[in-house]
Amino acid sequence: MAEVVGAILLAVITLYAIFGGADFGGGFWDLVAGGDRRGRAPRDLIDEAITPVWETNHMWLIFALVIFWTAFPDAFASVMTAAALPIWLAVLGIVLRGAGFAFRAEARRLSAQRALGATFALSSLLTPFFMGTVIGGIAAGQIPADATSASRSSWTGTTSLLTGLLFVGACAYLAAVYLIGEAARRDDHHLEVYFTRRAQASGVVTGALSFATLLALHSSNPTLFDRLTGRAFPLVIVGEAAGLGALAFLLTGRRRGLRVLAALGVAAVLWGWGVAQYPTLLPGTGITLTNAGAPHATLVALVVLFGVVVLLVAPSVLLLFSLQGRRRLVGGDAEGTVLAPWPLPGTLPLSGTPLSGAQPLQGSVRSQRASSDRTDAGGRAAPVVLLVVLLVVGALVSAVTRLARRVGPVAARRRT
Amino acid sequence: MVAAAAGAGSEVLPARVQMATTLGFHIILACMGIAFPTVVLVAEFIGRRRSDETALLLARRWSQAMGVLVAVGAITGTVLSFEMGLLWPGLMRQYGAVLGLPFGVEGLFFFLEAIFTAIYLYGWRRLPGWAHFWTGVPIAVSGIGGAMSVVAVNSWMNQPGGFTEQAGRIVAVNPWQVFFNHAAAYEMPHMIIAAYMVTGFMVASVYAVGILRGRRNRYHYTGFAIPFVLAAALTPFQLLVGDTAARSIASDQPVKFASMEYVARTGSDVPEYIGGIFVNGRVYGGLKIPGMDSLLVGFSTDTRVVGWESVPAAERPPAPWLLHLAFNAMVGLGTLLLLTGLWALVVWWRHRRLPRQRLFWLLAVVGGPAAIAAMESGWVVTEVGRQPWVVYGLLTTADAATTSGGVVGTLSIIVALYAVLGAATIVILRTMARRWRSSETQQPTVPYGPPPGPPSQPLSKVGT
Ligand code: HDD
Ligand code: HEM
Ligand code: HEM
């Protein structure tokens, strides 16, 4: 069971890296986009692409944390104690970034917007870097079991620092690749080229960084290195191949499958790490997946919970992304938010109503094109998804209350 | 264990202050996250059902404010998640496998909440009619589910159960009993109603200010009435649940109750104090009602109430006066809110309109802050009253706290950061309100924000 939960944890981390990481990468490109005028177009694109989805993507992090501390409390407590400083810095980045991002859209004065924008962008570097150093520290075996004090070595080794840089690079790379698609969807050829170039550059840098990190592991944790070139080698190869393939796509201008390849590359590296480390949780200590603290029932409950999450969240996320992809989700304007044409008797909810010309939309010409030339299969599924989600939640709530009544408020507590 | 608590390590106090600061801040936004979607949905429902453009306009504007509040709620909540490990590794090491499960359920609900919030907020313009309304319903449902899960953790810390511990390790867990522990029965409804009260009275407050300033129009009256009615209708239930809570605590956590009510020695015919400060073994000031406390606990003055002297000093919560005054404040403010609601009800009954007296509107303005103050006081009672335990009777706060050092530093940064965050949130909300009022439509040309477009049409045209 512990193995299953370990795999789930790694899967959630992967999802966070692929989705949340790209949001951080967006901040990176925002940071380097240049002055007000020059940087305006890419910033607008980044803004529009991230605003509706960053909170959802962020939730994978919360899930990873919760699974970590529930299933492997001993390892969790040790990491949180030994690596407290870099984790605090990562948290600082999360706060600043979220705040900058949330307020920027509403702030009116240019100077305020600049300050908030800079906060958002700068802090987008903080979080991936310091999370990277912690992961690097774990991989290098720098987190002691039963840690009782913060240790500098847990995150300042060569492996740690390189992993930090690698994370920043990977986030930027993913973001650039995704943004190419966003630009293409808006028929903005200029931005497409803009981000293609950046994706190429960051792809090369990230590839180089991953090699450097591997080399650093050779001296900091030879066992892990051996396994990475041994049992986990197929995954490393997949990662390399996906990275090179994506680069080839970028050079030849092929779009289809590019995002998948890029995400696959990042995922393969993470899973390579997981497989190489298995079954150890904190290398250099005796803490493994099975002895890190949680009893069987907790692990089973986590697996069940994750099943429910997949059942409920997956269709909802797909709905969100499909609406976002078809540019159904747009920000407000001075009048609060503007309504869709209403009431529209006889239209299927969400079913891709062609936007009426009279609609007071900003940039409505562009969006009409974007949404009317597709048959919105995803849109028609929306009410069904909603219904299923509601039904499952309702069933869960009623089952839970019924069971609770049967179990009663007994506080069974045995101490030996 | 208890000895360790007495000679509390240097990190314990700053860690507690930091936890209290961050939680006290998050909880306000959490209330908005739990109840604001419902308020907005009610407005949207009225708007669509009755083709009431004022209500619809309110719903749209409120959801814009909700967007900001939810984002700040997500950020501060994330800080809390990290703090569980960064500040309380001892708690997580020992009981992470138990209290982690409700947190997992919380994660599920907040996930749904985040997704549908995004769809709802950004879907106003391009999702047609009722479909848009329905995308809001899961937000309201998952807000309640999320609140239940987090409060499950907190109530479990007050009444731990549902697990077996052997030689210091958790060997078995019963998730149902963890989630629906003994204290959950009152904490969950009490918190959720509190969230609706805070949100309702707070939003109503804003419009009451406008009305007092002379903006007596349909827009302001509607903006006041929708949240106010919702909150005022729940207030009596809140007082009932609170009363139940107090009685449960008298039997389950007697020392906490003794500190709340200034009961030093166990006995019957115990007096009730309203106000008053306890120092050097005496109560100064305040109103003393003989026998009342026993009466409230067991419906008879003969009821025995346990005093705090039944346990050694090291196992009592610090500063009974803080608990007592916080408890009094919560009950007092709750009663004030109840009276405000009753006033409106009576006038409605007689005249089918809202009261005209200035005093009523002043009360309505105070209502929002009062609800927040009541809620924060309630948390002080719960959390400080649990001291010196973090998990009641099992693990002391001192044993749970981090030993990695530097908490004074993080505390200072957090306080400064949250001050700015809070101020910025208020400034942004006020900017929005001002913008709505002047109904200006031209966006400045800026690097951040959507491209300038044609000014939006007046609503009346959109609706046709
Ligand atoms: C709008 C807010 C509000 C109002 C008007 C009240 N409460 Fe409350 N109270 C809360 C908001 C709150 C809270 C902040 O939500 C708490 C903290 C923990 C909890 O579950 O609810 C709470 C806790 C709390 C506790 C402690 C629970 C514990 O320690 O586990 C008691 C005994 C009461 N309440 C009792 C009352 C009584 C007797 C009230 C009025 C007659 C009352 N409350 C009104
Ligand atoms: C349901 C979620 C909550 C959890 C899991 C939780 C958990 C904790 C923990 C672990 C501590 C530190 C240990 C201790 O001092 O006992 C603490 C302390 C504290 N919390 Fe909570 N808490 C919750 C809700 C709240 C809320 C909403 C508030 C709002 C004000 C609050 C106010 C405090 C205060 C004032 C302390 C310090 C107590 C003292 O130092 O005497 N808590 N809480
Ligand atoms: C009684 C106490 C609490 C209540 C009622 C509560 C409720 C909520 C609600 C409703 C939200 C949704 C965000 C919003 O809409 O503003 C939220 C966000 C969050 N809360 Fe709390 N919370 C409490 C305490 C805590 C504690 C103790 C933790 C962690 C240890 C926590 C972690 C989080 C996290 C991680 C989020 C972010 C979810 C997101 O990204 O959307 N909360 N909380």
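Described in the following lines is the structure provided in the data block. (Residues numbered from 1 in each chain as written. Chains lettered and ligands numbered in written order. Predicted model: local features only at pLDDT ≥ 70, side-chain atom pairs only at ≥ 80, totals over all residues. Heavy atoms only, no water.)

1. What to know about the overall build of chain B
Then step 1. Helix and strand content of chain B: 15 helices and eight strands.
Then step 2. A compact globule built from 464 residues would reach a C-alpha radius of gyration of about 23 Å, and chain B, at 24 Å, matches this within 12%.
Then step 3. Each principal axis of the C-alpha distribution contributes one length, and for chain B these read about 70 × 50 × 40 Å.
Then step 4. Every one of the 464 residues in chain B was classed for burial, and the buried ones make up 61%.
Then step 5. When the accessible surface of chain B is summed, it comes to about 17400 Å², and 66% of that surface belongs to carbon and sulfur atoms.
Then step 6. Measuring between centres, the 32 positive side-chain charges of chain B sit 17 Å from its 22 negative side-chain charges. (Helix = DSSP H or I, 4+ residues; strand = E, 2+ residues; numbered from the N terminus. Rg over C-alpha atoms; globule rule 2.2 N^0.38 Å. Buried < 20%, exposed > 50% of the residue type's maximum accessible area, 1.4 Å probe, protein only. Areas by Shrake-Rupley, 256 points an atom, 1.4 Å probe, with all protein chains shown as cover. Lys, Arg positive; Asp, Glu negative; His and termini not counted. Charge placed at Lys NZ, Arg CZ, Asp CG, Glu CD.)

2. Here we look at the nonpolar core
Then step 1. Grouped together as the largest cluster of nonpolar side chains are 245 residues, with contacts concentrated most on Phe72 of chain A together with Trp62, Phe82, Leu91, Tyr95 and Phe224 of chain B.
Then step 2. Those residues in contact with phenylalanine 224 of chain B that sit more than four places away from it in its chain are Ala204, Tyr207, Ala208, Ile211, Leu354, Phe360, Trp361 and Ala364 of chain B.
Then step 3. Core analysis: the next-biggest nonpolar cluster, separate from the first, contains 11 residues, Ala139, Leu224, Leu270 and Trp273 of chain A among them. (Core = buried A, V, L, I, M, F, W, Y, C linked by side-chain atoms within 4.5 Å. Contact = heavy atoms within 4.5 Å.)

3. As for the site of ligand 2
Residues and elements named next belong to chain B.
Then step 1. As a matter of local geometry, ligand 2 sits amid 21 residues, with Arg16, Trp88, Glu383, Arg386 and Gln387 nearest to it.
Then step 2. In this structure, asparagine 154 approaches ligand 2 through a side-chain N or O atom, which is 3.5 Å from a nitrogen atom.
Then step 3. A distance of 2.5 Å is found between a nitrogen atom of ligand 2 and a side-chain nitrogen or oxygen belonging to glutamate 383.
Then step 4. Among the elements that line the shell around ligand 2, the one with the most residues is helix α2 (residues 12-49), at six residues.
Then step 5. Of the residues in the shell around ligand 2, the class split is 13 nonpolar, four polar and four charged. (Near = heavy atom within 4 Å. Polar contact = N/O pair within 3.5 Å; in protein donor to acceptor, adjacent residues only side chain to side chain. Nonpolar A, V, L, I, M, F, W, Y, C, P; charged D, E, K, R; others polar.)

4. A short note on the site of ligand 3
Then step 1. The immediate surroundings of ligand 3 are formed by 26 residues, with Met59 of chain A together with His26, Gly33, Ser81 and Phe110 of chain B found nearest.
Then step 2. Neighbouring residues of ligand 3 are not confined to one chain but are distributed across chains A and B.
Then step 3. Within the side chain of histidine 26 of chain B, a nitrogen or oxygen atom sits 2.9 Å from a nitrogen atom of ligand 3.
Then step 4. In the environment of ligand 3, an oxygen atom lies 3.2 Å from a nitrogen or oxygen atom belonging to the side chain of glutamate 113 of chain B.
Then step 5. Broken down by element, the residue count for the shell around ligand 3 peaks at eight residues, all from helix α3 (residues 53-86) of chain B.

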